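# A closer look at the structure
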Amino acid sequence: VQLQASGGGWVQAGDSLRLSCAASGSARDSYVMGWFRQAPGKEREFVAATAGSSGDTVYADSVKGRFTISRDNARNTVSLQLNNLKPEDTAVYYCAAVTFPGIGVPRTTFEYDTWGQGTQVTVSS
């Protein structure tokens, strides 16, 4: 499976963006799909994820209530709606997949085996 992220951009604080991740190849509805981000000089961190089988979603505390993850299995896409953006949300955002998921929704980078290229989100104050 290949992942292609898009939708990043430059916005002002309080604005919204919608990121999309298209899965191609041997994509399966059972995959856990997640979003991570990496700011300059910082480690890649978990943002949100959704399980394909249960539909469970989890969020990082820093984005809970502002970001919403959703998936369209018919189109093999997962989206991340970013509302009320803050300067600290500035980062490269990556979509990722767990192609052989276990129980629960993983939050750590090493549990995801497939990664897309990043898309830059820049939020100015």
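First, a word on what this report is: a plain description of the structure on this page.

What counts, and where the lines are drawn
Residues numbered from 1 in each chain as written. Predicted model: local features only at pLDDT ≥ 70, side-chain atom pairs only at ≥ 80, totals over all residues. Heavy atoms only, no water. Helix = DSSP H or I, 4+ residues; strand = E, 2+ residues; numbered from the N terminus. Rg over C-alpha atoms; globule rule 2.2 N^0.38 Å. Buried < 20%, exposed > 50% of the residue type's maximum accessible area, 1.4 Å probe, protein only. Contact = heavy atoms within 4.5 Å. Areas by Shrake-Rupley, 256 points an atom, 1.4 Å probe, with all protein chains shown as cover. Lys, Arg positive; Asp, Glu negative; His and termini not counted. Charge placed at Lys NZ, Arg CZ, Asp CG, Glu CD. Disulfide = S-S within 2.5 Å.

## Details of the overall build of the chain
When you go through the chain residue by residue, the secondary structure sums to zero helices and 11 strands. Start at the N end of the chain and walk to the C end: the helices and strands fall as β-β-β-β-β-β-β-β-β-β-β. Whereas a compact globule of 125 residues would reach a radius of gyration of roughly 14 Å, the chain reaches 13 Å, a difference of no more than 12%. The principal-axis extents of the C-alpha atoms in the chain amount to approximately 40 × 25 × 25 Å. Expressed as a percentage of its 125 residues, the buried residues of the chain come to 43%. At a minimum sequence separation of 6, the contacts of the chain that also span at least 24 residues come to 58%. Accessible area for the chain stands at about 6,300 Å²; split by element, carbon and sulfur atoms hold 47% of it. The averaged location of the 11 negative side-chain charges in the chain is 2 Å from the averaged location of its 11 positive side-chain charges.

## Re the state of the cysteines
In protein chemistry, a disulfide is the covalent bond that joins the sulfur atoms of two cysteines. This structure, assessed with the given rule, holds one disulfide. Across the disulfide from C21 sits C95; the S-S distance is 2.2 Å. Handedness here is read from the sign of the S-S torsion; for C21 and C95, about 60°, the answer is right-handed. Here C21 is found in strand β3 (residues 17-24), whereas its partner C95 is found in strand β9 (residues 91-98), with 74 residues between them in sequence. Taking relative accessible area as the criterion, C21 reaches 1% and is therefore assigned buried. Exposure remark for C95: the relative accessible area of 0% places this residue in the buried category.

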